[in-house]
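The primary structure of each chain is shown beneath.
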Amino acid sequence: MIFYDLIGDIHGHAHALKALLKCLGYTRNRGVWQQPGRQVIFLGDLIDRGPQQREVLRIVRSMIDEGHALAVMGNHEFNALAYATPDPDHPGEHLRRHTVKNRHQHHAFLSQLREGSAAYKDAINWFWQLPLYLDLQGLRVIHACWHPEHINVMEQLTRGSARLTPELLIQASRSDSPVYEAVETLLKGLEMDLPEGSQYLDKDGNPRTQLRVRWWDQQALTYRQLALISDHKRHLIPNDPVAPDFLPGYDQCKPVFFGHYWMTGRPVPLNDHIACLDYSVAARHGGKLCAYRWEGEKYLKERNFIWV
């Protein structure tokens, strides 16, 4: 069995990535970070926000190319693909529209790799290789939400590769497609509609009428309890009960690791089998780049979290 070091969302912060790799015992050999007997798994969102987009991609790609790492797609890599892909049904548009909001969210990547350059095109082509999820011996990995129903949909459509094709990317950009619902949930998290008339502002100040929820929390019973939202805004969320069959559940046959959620505080398992490794390295207030050192255990251990 291979042992893995799982690393959460990097968002263009190469200095933090190098420091974390050193803490995990990796060293550079011929320009590639490696450690005998171990591999890194990157949980997606390698890009956007941070100051060292090129260097992060160089480190990650070289490790994967030399067999020292694996990676899954994050919503930022998915968005980059859609931003770069013309919409065949709307000439002059792209699958992710080039609005002020979307360009602002993608600015660090577009500016540092120079949109349209050879380096930009090479990175976009590489993103196609990233699977949506990994179901390995002993553990599972996904960027945002392990949802068996949606994973089964993508397993059938990708013939087991878990990789998007140009046609699937188009479908994933159409809100009336089952592929859209699957990819949105797997890469951006499980959401539910708020009751009519309710809304809140997300961390970027954008109004939202859908609520991202704690899909792993089987004890939460109401919108307010399930809400992934800062505590000072929680009172804005209705305390109405949620339908008992809404959450996907988790079979707990092996640990599952994900990123995406900008956790704060001391990294700990969410329960015995579930861990989030995104601790907001790109946050304005200063966060952590977090890893979990997995050594084959079925039950997660707090002492195996490492961060810088």
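The text that follows walks through the structure, step by step, so that each part is easy to find. Fair warning: this is a prediction, and the values are worked out from it, not measured in the lab.

Summing up its helical and strand segments, the protein chain has 10 helices and 16 strands in all. Across its three principal axes, the protein chain shows a C-alpha extent of roughly 60 × 50 × 40 Å. Counting every position in the protein chain, which comprises 308 residues, the buried fraction comes to 53%. Sequence-distant contacts in the protein chain: of pairs separated by 6 or more residues, those separated by 24 or more amount to 64%. Surface summary for the protein chain: the accessible area is close to 14400 Å², and the carbon and sulfur share equals 48%. With 35 positive and 35 negative side-chain charges, the protein chain shows a spacing of 8 Å between the two charge centroids.

Time to look at the sheet that holds strand β6 (residues 133-136). Sheet strands pair by backbone hydrogen bonding; their relative direction is either parallel or antiparallel. If you walk across this open sheet you meet the 4 strands as β6-β7-β12-β13, and the pairing is mixed. The open sheet is flanked by β6 and β13 (274-276), the only strands paired with a single partner. Within this sheet the neighbouring strands show an average axis-to-axis angle of 15°, counted without direction. Bridge count for β6 against strand β7 (residues 139-142) is 4 bridges, and the pairing is antiparallel. Looking at β7, one finds that Asp135 is bridged to Arg140.

A full pass over the atoms with the stated rule returns 18 salt bridges. Of the charged contacts in the structure, one is a salt bridge between Arg174 and Asp87, with a shortest N-O distance of 2.7 Å. In this pair, Arg174 is assigned in the loop between α8 (166-172) and α9 (178-188) and Asp87 in the loop between α3 (75-84) and α4 (100-105), connecting sequence segments 87 residues apart. Overall, the relative accessible area of 18% leaves Arg174 in the buried class. Note on Asp87: relative accessible area 8%, which makes it buried. Among the ionic pairs, Arg103 bridges to Glu115, the shortest N-O distance being 3.1 Å. One end of the pair, Arg103, is in helix α4; the other, Glu115, is in the loop between α5 (107-112) and α6 (118-127), with 12 residues separating them in the sequence.

Bringing the pairing of strand β1 (residues 3-7) into the picture now. Among the 5 residues that make up β1, 4 are buried, leaving the element largely enclosed by the rest of the structure. Of the strand pairs in this sheet, β1 and strand β4 (residues 38-42) are connected by 5 bridges, and their pairing is parallel. Across the sheet, Asp5 pairs through a bridge with Val40, a residue of β4. Across 4 bridges, β1 lies against strand β15 (residues 288-294) in antiparallel orientation. Within the sheet, the bridge partner assigned to Leu6 lies in β15 and is Tyr292.

Before going further, it helps to examine unusual backbone geometry. One non-glycine residue with positive phi stands out, namely Arg49, at about 80°. Accessibility expressed as a relative area gives 35% for Arg49, which makes it partly exposed.

Attention now moves to α6. Among all positions in α6, only Tyr120, Ala123, Ile124, Trp126 and Phe127 are buried. All buried residues of α6 project into a common sector of 160° when viewed along the axis, lining one side. In α6, the exposed positions that point more than 90 degrees away from the buried face belong to Ala118 and Lys121. Elements that come into contact with the buried residues of α6 comprise α2 (53-65), α3 and α5.

Looking now at the packing of aromatic side chains. Under the definition given, this model contains 13 aromatic pairs. Ring geometry for Phe258 versus Tyr261: centroids 5.6 Å apart, planes at 90°, classification edge-to-face. In this structure Tyr261 comes out as buried when scored by relative accessible area, which is 9%. One aromatic cluster in this structure is built from Phe109, Tyr120, Trp126 and Phe127.

What follows deals with the pairing of β4. For β4, a buried count of 5 out of 5 residues is recorded, marking the element as mostly surrounded by other parts of the structure. Relative to strand β5 (residues 69-71), β4 runs parallel, the two being bridged by 3 bridges. Following the sheet pairing, Ile41 is matched in β5 by Leu70. As for the winding sense of the linkage, the β-α-β connection from β4 through α2 to β5 is right-handed.

Running from amino to carboxyl end, α2 crosses α6 at an angle of 45°, the nearest separation of the two axes being 12 Å. If you check the angle between α2 and α6, you find them oblique. Helix-helix and strand crossings are classified by hand; for α2 and α6 the assignment is left-handed. On α6, the residues touching Arg54, Leu57, Val60, Arg61 and Ile64 of α2 are Ala119, Asp122, Ala123, Trp126 and Phe127.

Definitions and limits used
- Residues numbered from 1 in each chain as written.
- Predicted model: local features only at pLDDT ≥ 70, side-chain atom pairs only at ≥ 80, totals over all residues.
- Heavy atoms only, no water.
- Helix = DSSP H or I, 4+ residues; strand = E, 2+ residues; numbered from the N terminus.
- Buried < 20%, exposed > 50% of the residue type's maximum accessible area, 1.4 Å probe, protein only.
- Contact = heavy atoms within 4.5 Å.
- Areas by Shrake-Rupley, 256 points an atom, 1.4 Å probe, with all protein chains shown as cover.
- Lys, Arg positive; Asp, Glu negative; His and termini not counted.
- Charge placed at Lys NZ, Arg CZ, Asp CG, Glu CD.
- Pairing = 2+ DSSP bridges.
- Axes fitted to C-alpha atoms, helices over the stretch in contact; angles between N-to-C directions.
- Salt bridge = Lys/Arg side-chain N within 4 Å of Asp/Glu carboxyl O.
- Arc of directions from axis to C-beta.
- Phe/Tyr/Trp six-rings, centres within 6.5 Å; stacked < 30°, edge-to-face > 60°.
- Right-handed = clockwise from strand over helix to strand, strands pointing away.
- Parallel < 35°, antiparallel > 145°, perpendicular 65-115°, else oblique.
- Left-handed = near helix turned anticlockwise from the far one by under 90°.

None of this, on its own, says anything about what the molecule does.
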